[in-house]
Structure formats: C-alpha cells, structure tokens
Amino acid sequence: MSIISSNIKKAVGLLNQDKIIAIPTETVYGLAGNAFSETAIKSIFLLKQRPFFNPLIIHIKSKEYLHQVAKDIPENALKLAAVFWPGPLTMVLNKQANIPDLVTAGKPTVGVRMPDHPVALELLESLNYPLAAPSANPFGCISPTKSIHVADYFKSGLEMVLEGGSCSRGIESTIVGFKDNKTIIYRFGSIAVEEIEAIVGEVFYITKDDTAPEAPGMLTKHYAPKTKTFLTENVSQLLTENQGKKIGLILFDGKLDLKNTSEKIILSKNSNLLEAASNLYEAMHYLDKKNLDIIIAEKMPDVGVGKSINDRLERATK
Ligand code: TXA
Ligand code: MG
C-alpha cells in the first residue's frame, strides 16, 4: 500500500504522536515533526541520515507566530516577512528558549519560514506547535518536488507522505540572516536576491564554507545526482568531447541548435527562469534514473532565480 495520502486528519494524528511525516511546501517536500518534540526531531535526523550539526528550519502558520519562536527581531526581518510571507524566504533569527537545541544544532539562532502551500498551511492550522522540517531527501541527494520522489527515497521508516502535488517553486527557500544591521544571504533560493535588495538595500554573502558552515545547505556537495554531472556555457563543445557516451541534457530554453540524439530536457520553452526552477529537480531525478554515462547542464542566465539554479547545478557537479 502506498504511503502517499491526502488525509490531513491522519497527518495530524501521526504528528501528535511524535511521529514524522513528509509534507508538501511550495519549494520542496519536507520531512516534518513537532518542533518542540525531541523524539520527533531525533527521528528526522536519523531517517534523513543528517549530521546533527546541521540545523532544521521551523515552519510556522502565521507571521504573528514568529514571536513565539524568535526574539530580538530586526526591523528588516519584519519588513521582509511582510513582503515575502507566506513564501520561500527563511530568516535566521535569535531563538526563543522553548526551541530545542537539537533543532538549531546548539546555535542561539533558529531558521524560520511561513510556507506558501495550502496543504501545509491547513496542516499547521490544525496543530498547536510549529513543524521542524528539512527537505525530504536522504542527506546529499536531490530534493523532492513530488510526493513520489519522497516515497521512492524512504521505502521504509516513513509512514506517510502528505500529497500536495508538484511543488510550484521547485527549489529551496532563500535563507537570510542579520548581523550588525546588515542582511546576509546564506543560501540562494526561490526568492531572487534582487527582490530582497529592493526591500532592505545592499546584501552581503556567506554562501560557501565547507569547514564550519553557517548554513550547511552551503556544503559544497549537495543536491547531487548519482550520474556524473557537468555545468557549462558551451554545451556543443562538451557534447563533442563526450562523443559515444550516453548523455542526458538539461537545457534552459532549447534555443541552442544541437544535432544529437541525447536524452534532452528543456526547463522552460518560454525562457522563464521561475518555470525553469520549478522543473529543475524533476529533470535531475528523471535523468538520474536513465542509466546515463553523464549529464550535461547548460548554465542559466545569471540573474534573478537564474543565480539560484546555477548555484544548485554547480553543487550537482561536485
Ligand atoms: O525550502 C526550504 O527551505 C525547504 C522546505 C522543506 O521548507 N527546507 C529545506 O531545509 O531546504 P534543509 O534542512 O534541507 O535546509 C535548510 C538549511 C540548512 O542548510 C541549514 O543549515 C540552514 O537551513 N539553517 C537552518 N537553521 C539555521 C540556523 N539557525 N543558522 C544557519 N543556518 C540554518
Ligand atoms: Mg536540503
């Protein structure tokens, strides 16, 4: 019997018993548990095989609820919440004492966001606690954007995947923090940096740190298909260099004139970066199952969400 179900009551029942379930969000599916339950949080880390030093994001039901989990909230954080919540923006803020150290990996800060997905919000409204949830993939694997991706990953150990359709955004939330009145980007994501700068002015970056990651979504090897993957601005040249191999192509808008018979996925025929983002992980999941020798991905225009797609593709090559 499939573990995929649309039964919200069942989801609530499992969560109330400190069990974990997969939930849909607008970015990717998450492996969710009661953020105040150490039992549930431990189960998340174990099932995902995630190192305990890598903290979880807390998902809340409303903007007002932010004050229950975070304190000393800077003015810019409130401005960003007003504009982007519900939505794919995670903010790293000082945590309230009630947030278990397990969730934050012992840090004094907590990552928080209000997801923009009707099923996730209906679920959160039915609970009297927020949900801690990392992306619902085993550590280091491609994030899931469909319920079937999650069910395929966790054939045992997970009782339920709450159905929510295909994730509309398709890549993870953008993560920001605040230090000395500066806004810092920790992870590129579904909200473009330019959109954030329009609200708070110039931003700063801490997005790659392999030794002591501020936000380990930055660990260099992440989001990786098992098939060896290349990212290039010159697809034709790489195709020539790899003649005779079974090749999967991930292309932006298919406007390149390529004479080949490779397995080919066009992310957005209309050259729309948001559409390309929403199709990216599905393309990686699909090609990774095709027994190919290599995957060649075309570099996206480096603006807006294109930067976030390039960031994920870059990590997929490591
Ligand atoms: O879109 C998303 O953000 C998805 C959906 C499910 O909400 N979640 C997600 O979670 O991508 P995860 O755990 O795969 O990535 C969260 C990132 C991790 O890199 C973690 O290190 C960082 O957020 N993070 C969480 N709390 C943090 C904190 N207090 N300080 C710095 N980074 C933090
Ligand atoms: Mg993740």
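The structure displayed is predicted, hence computed values, not measured ones. (Residues numbered from 1 in each chain as written. Chains lettered and ligands numbered in written order. Predicted model: local features only at pLDDT ≥ 70, side-chain atom pairs only at ≥ 80, totals over all residues. Heavy atoms only, no water.)

Asks: How should I be thinking about the environment of I294 in this particular structure?
Replies: Inspection of the secondary structure puts I294 in strand β16 (residues 294–298). On the basis of relative accessibility, which here comes to 5%, the residue I294 falls in the buried class. Sequence-wise, I294 and G248 are 46 residues apart; in three dimensions their C-alpha atoms are separated by 6.4 Å. With sequence-adjacent residues up to four places away left out, I294 is seen in contact with T227, K228, F230, N242, K246, I247 and G248. (Helix = DSSP H or I, 4+ residues; strand = E, 2+ residues; numbered from the N terminus. Buried < 20%, exposed > 50% of the residue type's maximum accessible area, 1.4 Å probe, protein only. Contact = heavy atoms within 4.5 Å.)

Asks: Would you mind going over the sheet that holds β16 with me for this structure?
Replies: In sheet architecture, strand pairing relies on hydrogen bonds along the backbone and comes in two forms, parallel and antiparallel. Strand order in the open sheet formed by four strands is β13-β16-β14-β15, with parallel pairing between adjacent strands. The open sheet terminates on both sides in strands that have one partner only, identified here as β13 (228–232) and β15 (263–266). Neighbour to neighbour, the strand axes of the sheet diverge by 15 degrees on average, direction disregarded. Against the sheet, helix α11 (residues 305–316) engages β13 and β16, with an angle of about 140 degrees to β13. (Pairing = 2+ DSSP bridges. Axes fitted to C-alpha atoms, helices over the stretch in contact; angles between N-to-C directions.)

Asks: Would you mind going over the side chain of T174 with me for this structure?
Replies: One can find T174 in strand β10 (residues 174–179). Within the structure, T174 has its side chain in polar contact with the backbone nitrogen of G189 (distance 3.2 Å). In this structure the side chain of T174 is engaged in a polar contact, spanning 3.3 Å, whose partner is the backbone nitrogen of S190. (Polar contact = N/O pair within 3.5 Å; in protein donor to acceptor, adjacent residues only side chain to side chain.)

Asks: It is not clear to me how the nonpolar core should be interpreted in this structure. Could you clarify?
Replies: Side chains of a nonpolar character, in soluble globular proteins, are inclined to be buried together. In terms of nonpolar packing, the biggest core is built from 66 residues, with M91, L123 and I196 touching the most fellow members. Here I196 is in contact with L80, F84, L89, T174, V176, T183, I185, I191, G201 and V203, once residues within four sequence places are set aside. One finds I250, M284, A297 and I309 within the second-largest nonpolar core, a separate group that totals 25 residues. (Core = buried A, V, L, I, M, F, W, Y, C linked by side-chain atoms within 4.5 Å.)

Asks: What is the right way to read the domain arrangement of the protein from this model?
Replies: As a measure of interface size, the accessible area lost when the parts come together is often cited. Taken domain by domain, the protein consists of domain 1 (4–205) and domain 2 (229–316). Averaged C-alpha coordinates put domain 1 and domain 2 at centres separated by 28 Å. Each side of the interface is counted separately: domain 1 has 21 residues, and domain 2 has 18 residues. Buried area between domain 1 and domain 2, summed over both chains or domains, comes out near 1,500 Å², and the portion from carbon and sulfur atoms is 57%. In terms of surface lost to domain 2, no three residues of domain 1 exceed I142, I171 and F188, which account for 38% of the buried area on that side. Where domain 1 meets domain 2, there are four salt bridges. One salt bridge connects E194 with K307, and the closest N-O pair in it is separated by 3.5 Å. Along the contact surface separating domain 1 from domain 2 lie nine residue pairs in polar contact (both at pLDDT 80 or more). Per element, the largest residue contribution to the side of domain 1 that touches domain 2 is three residues, and it comes from helix α7 (residues 147–153). Split into classes, the residues belonging to the side of domain 1 that touches domain 2 amount to eight nonpolar, seven polar and six charged. (Domains from an automatic or database assignment. Buried area = accessible area lost by both parts, 1.4 Å probe. Salt bridge = Lys/Arg side-chain N within 4 Å of Asp/Glu carboxyl O. Nonpolar A, V, L, I, M, F, W, Y, C, P; charged D, E, K, R; others polar.)

Asks: Could you clarify how one ought to interpret helix α4 (residues 75–84) in this entry?
Replies: Each α-helix turn comprises 3.6 residues. Residues three or four places apart therefore point the same way. Residues of α4 that are buried include every one of A77, L80, A81 and F84, and no others. Down the axis, α4 shows its buried residues gathered within 100 degrees of arc, on one side only. Away from its buried face by more than 90 degrees, α4 exposes E75 and A82. (Arc of directions from axis to C-beta.)

Asks: Whenever I open this one, the packing of helix α10 (residues 273–288) against α11 confuses me. Can you help?
Replies: Between two packed helices, the angle of one axis relative to the other and the distance separating the axes together describe the packing. Contact geometry for α10 and α11: axes closest at 9 Å, N-to-C directions at 20 degrees. By the angle between their axes, α10 is roughly parallel relative to α11. In this structure, α10 meets α11 at a crossing whose hand is left-handed. Seen from α10, the contacting residues are L273, L274, A276, A277, L280, Y281 and M284; seen from α11, they are V305, G306, I309, R312, L313 and A316. For the contact of α10 with α11, the per-class residue count stands at 11 nonpolar, one polar and one charged. (Parallel < 35°, antiparallel > 145°, perpendicular 65-115°, else oblique. Left-handed = near helix turned anticlockwise from the far one by under 90°.)

Asks: I'm lost on helix α2 (residues 38–48) in this one. Help?
Replies: Within α2, burial applies to A40, I41, I44, F45, L47 and K48. Buried residues belonging to α2 abut β3 (30–34), α5 (101–104) and β8 (131–132). In the segment just after α2, Q49 is the residue with positive phi, at about 55 degrees.

Asks: What should I look at first to understand the environment of I171 in this one?
Replies: By the secondary structure assignment, I171 is in the loop between β9 (161–162) and β10. I171 gets classed as buried once you look at its relative accessible area, which sits at 0%. Residues I171 and A97 lie 74 residues apart in sequence; the distance between their C-alpha atoms is 31 Å. With residues near it in sequence (within four places) discarded, I171 still touches T27, V28, G189, S190, A277, L280, Y281, V305, S308, I309 and R312.

Asks: Mind showing me how you'd approach empty space enclosed by the protein here?
Replies: The probe, sized like a water molecule, is rolled over the atoms to show the empty space still left. All told, the structure shown has one cavity of 30 Å³ or more when counted by the stated rule. The space that makes up the largest cavity amounts to roughly 50 Å³. As for the largest cavity, its lining consists of I60, K61, Y65, L124, L127, N128, Y129 and P130. Within the lining of the largest cavity, the residues separate by chemical class into six nonpolar, one polar and one charged. (1 Å grid on protein atoms, 1.4 Å probe; cavity = no way out; pocket = protein on both sides within 12 Å on 5 of 7 lines; lining within 4 Å. Points joined across faces, edges and corners; volume = space filled by probe spheres on them.)

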